[in-house]
Amino acid sequence: MVKKNPRGLKKPIKEKPFNRNYLRFIELPQDREFFSSCFTLKEGAYHPRGELDDKTRGRLKSLAKVIKENRGILKIAPLILLGILAA
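Residues numbered from 1 in each chain as written. Predicted model: local features only at pLDDT ≥ 70, side-chain atom pairs only at ≥ 80, totals over all residues. Heavy atoms only, no water.

Student: Just give me the short version of the overall build of the protein chain, but keep the residues and values in it.
Tutor: Looking only at helices and strands, the protein chain has 4 helices and 3 strands in total. Here the C-alpha atoms of the protein chain give a radius of gyration of 16 Å, more than 25% beyond the 12 Å that 2.2 N^0.38 yields for 87 residues. Overall, the protein chain is about 60 × 25 × 25 Å in size when its C-alpha atoms are taken along their principal axes. Relative to its full complement of 87 residues, the protein chain shows a buried share of 26%. Within the protein chain, contacts between residues separated by at least 24 positions form 65% of all contacts whose residues are at least 6 apart in sequence. Just so you have it, the protein chain exposes about 6,900 Å², and 58% of that area is on carbon and sulfur atoms. Separation of charge centres in the protein chain, based on 20 positive and 9 negative side chains, amounts to 7 Å. (Helix = DSSP H or I, 4+ residues; strand = E, 2+ residues; numbered from the N terminus. Rg over C-alpha atoms; globule rule 2.2 N^0.38 Å. Buried < 20%, exposed > 50% of the residue type's maximum accessible area, 1.4 Å probe, protein only. Contact = heavy atoms within 4.5 Å. Areas by Shrake-Rupley, 256 points an atom, 1.4 Å probe, with all protein chains shown as cover. Lys, Arg positive; Asp, Glu negative; His and termini not counted. Charge placed at Lys NZ, Arg CZ, Asp CG, Glu CD.)

Laid out in structure tokens, this is it:
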């Protein structure tokens, strides 16, 4: 049975969105290095590595959850700016 990568990490991700939308939200440097090592850079896009063992896949899944939590729904800075301009 083929095991899959976590949702959102199955398709190739271009280099700029990879850094901006994923690596930026991982706090620990060793977790950033691990996350980057799960992908290979080809032609300006990060492609997920094919063979990942269960332990690596589990850690990648937990990092994907952390990224999603750190991303948040609303950005606070634009809301504060909007509040200041409206007042």
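Student: Would you mind going over the packing of aromatic side chains in detail, with residue names and values included?
Tutor: For the structure on display, the rule yields 6 aromatic pairs. Their ring planes at 70° and their centres at 5.2 Å tell us that F18 and F39 sit as a pair that is edge-to-face. A residue pair is termed long-range when its members are at least 10 positions apart, and F18 in helix α1 (residues 15–21) and F39 in strand β2 (residues 39–42) qualify at 21 residues. Looking at F39, the relative accessible area reads 5%, which means it is buried. Here the guanidinium or amino end of R59 rests over the ring plane of F34, the centre of that ring lying 4.1 Å away. Over the face of the ring belonging to Y22 we find R71, whose NZ or CZ atom lies 5.5 Å from the ring centre. (Phe/Tyr/Trp six-rings, centres within 6.5 Å; stacked < 30°, edge-to-face > 60°. Lys NZ or Arg CZ within 6 Å of the ring centre and 35° of its normal.)

Student: Provide a residue-level description of the pairing of β2, including the pertinent values.
Tutor: Pairing of β2 with strand β3 (residues 45–48) involves 4 bridges; the strand directions are antiparallel. Across the sheet, T40 pairs through a bridge with H47, a residue of β3. Where β2 folds back onto β3 in an antiparallel hairpin, the turn is made up of 2 residues, including E43, whose phi is positive at roughly 55°. (Pairing = 2+ DSSP bridges.)

Student: Provide a residue-level description of a nonpolar patch on the surface, including the pertinent values.
Tutor: Residues I73, L74, I76, L79, I80, L82 and I84 make up a contiguous nonpolar surface patch of about 800 Å² in total accessible area. Locating L74 in the fold gives a position in the loop between α3 (54–71) and α4 (76–86). Judged by its relative accessible area of 60%, L74 falls in the exposed class. (Patch = residues over 30% accessible without salt bridge, like charges linked within 9 Å, V, L, I, M, F, W, Y side chains within 5 Å. Salt bridge = Lys/Arg side-chain N within 4 Å of Asp/Glu carboxyl O.)

Student: Please set out the sheet that holds β3 residue by residue, giving values where relevant.
Tutor: With respect to topology, 3 strands assemble into an open sheet ordered β1-β3-β2, the strand pairing being antiparallel. At either end of the open sheet lies a strand with only one pairing partner, and these are β1 (13–14) and β2. Sheet analysis places β1 next to β3, joined by 2 bridges and oriented antiparallel. The residue of β3 that forms the bridge with I13 is Y46.

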